[in-house]
Amino acid sequence: MNSFSSYYNKIIEYAVKNKLFIIKISLFVLSFFILIAVSSCIGSSRAKKRIAEEDRIASAQANERLAQEKAKFDSVNAVLQRLSPRAMQAIKIDNIDEFLADVNSALLFYRSTIRDGVSLLYLCDKKHYLPDGYEPTDLVQLSTGSTYSVGRSGIYLRRDAAVALDSMASEAIKDGIKLSVNSAYRSYQYQQTVFNRWVQIDGEEEAERESSRPGTSQHQLGTAIDFGSIDDSFFYTKECKWLYAHAAEYGWSLSFPDGYEDVTGYKWECWHFRYIGIPVCRFQKKYFSDIQQFMLEFLNEWITLYP
């Protein structure tokens, strides 16, 4: 016990003699903790600033993405608003990015097939006339062969359409179907004769439902074919059923489907198919309820708004 008291007294004596040293040590320790506290505050402030900056950047990026998405929807909606209510109802878009990518592909096809100022996807109907004096310069004459027959001499198609006809007919013959081509390209003058004949037979009002005025006929494009008997009885033939099932696989689309006279301007023509290309047939089926007129009108309005 005495030894402990002696040791304690020596410590007190040392502390008294060296109080300045202890004060220095205390100040050093205090400064150390103050430095830690300040560093912690500075680090915390910097972390808060960094988080705030990251939040600001993330928010700006999110707003930019929203603006981009809105711009996409606005661009499509601007076109849709120019179409008929029935067309708008028929168009189905599930993924806007995928749709716009497919639109761009269709537009690329549109532009890549322009010949003599007219594309394979040119909108030609009662409201949209072909250029004055238009006549394709790449017409090829069709002739009866092993895969399809022609109803008369002097039947022509644009080259792209003729090649597609050869491919389709070659597959049809494998299924025991020999396609019969009875009308294709018609000049402006020839279409005038056809329309006038129908006016004489049925009167002008009825003729408007079953024949095109010159300058508005798909036949003048050189990419449309009338198959078979060119009347409603064709629908009940094996040839027609094969075309309905397979024509799109080779780029051919039915122009005037049943129940769409208010859309196309013409009565149902089960025999009239137009060549628009394989990718565009897929595009038409995917988004436009497989109605050619809706698809062509959409592309036409898109090009009008965004040339």
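Further up the page is the structure itself.
None of the values given here were measured: they were computed from a predicted structure.

K.L.:
Could you clarify how one ought to interpret the packing of helix 4 (residues 96-112) against helix 12 (residues 292-305) in this entry?
P.N.:
Each pair of packed helices can be described by the angle between their axes along with the distance between the axes. Where helix 4 contacts helix 12, the axes come no closer than 11 Å and their chain directions differ by 85°. It follows that helix 4 is roughly perpendicular to helix 12 by the angle criterion. On helix 12, the residues that touch Phe-99, Leu-100, Val-103, Ala-106, Leu-107 and Tyr-110 of helix 4 are Phe-298, Leu-299, Trp-302 and Ile-303.

K.L.:
What's the story with the side chain of Gln-220 in this structure? I'm lost.
P.N.:
Along the chain, Gln-220 turns up in helix 8 (residues 218-221). Residue class for Gln-220 comes out buried when judged on its relative accessible area of 1%. Apart from residues lying up to four places away in sequence, Gln-220 is in contact with Leu-130, Tyr-134, Pro-136, Tyr-185, Arg-186, Tyr-188 and Gly-215.

K.L.:
How should I be thinking about helix 9 (residues 238-246) in this particular structure?
P.N.:
Helical geometry note: an α-helix holds 3.6 residues per turn, so side chains three or four residues apart project in the same direction. Here helix 9 has its buried residues at Glu-239, Cys-240, Trp-242 and Leu-243. Relative to the axis of helix 9, the buried residues are bounded by an arc of 160° and lie together on one face. Buried residues along helix 9 sit against helix 5 (159-174), strand 4 (179-183), strand 5 (224-227) and strand 7 (269-275).

K.L.:
Help me out: how do you make sense of the packing of helix 4 against helix 11 (residues 278-287) in this one?
P.N.:
Between helix 4 and helix 11, whose axes approach to 10 Å, the crossing angle comes to 145°. Viewed along their axes, helix 4 and helix 11 form a crossing whose handedness is left-handed. Residue-level contacts link Glu-98, Phe-99, Asp-102, Val-103, Ala-106 and Phe-109 of helix 4 to Pro-279, Val-280, Phe-283, Lys-286 and Tyr-287 of helix 11.

K.L.:
What is the right way to read the pairing of strand 4 from this model?
P.N.:
Side chains on a regular strand alternate between the two faces of the sheet. The element strand 4 is largely enclosed, with a buried count of four among its five residues. Pairing analysis gives three bridges linking strand 2 (residues 148-150) to strand 4, with the strands arranged parallel. Its bridge partner lying in strand 4, Ser-149 is registered against Ser-180. As judged from the two bridges shared by strand 4 and strand 5, these two strands associate in the antiparallel manner. Its bridge partner lying in strand 5, Val-181 is registered against Phe-227.

Rules used in this analysis
Residues numbered from 1 in each chain as written. Predicted model: local features only at pLDDT ≥ 70, side-chain atom pairs only at ≥ 80, totals over all residues. Heavy atoms only, no water. Axes fitted to C-alpha atoms, helices over the stretch in contact; angles between N-to-C directions. Helix = DSSP H or I, 4+ residues; strand = E, 2+ residues; numbered from the N terminus. Parallel < 35°, antiparallel > 145°, perpendicular 65-115°, else oblique. Contact = heavy atoms within 4.5 Å. Buried < 20%, exposed > 50% of the residue type's maximum accessible area, 1.4 Å probe, protein only. Arc of directions from axis to C-beta. Left-handed = near helix turned anticlockwise from the far one by under 90°. Pairing = 2+ DSSP bridges.

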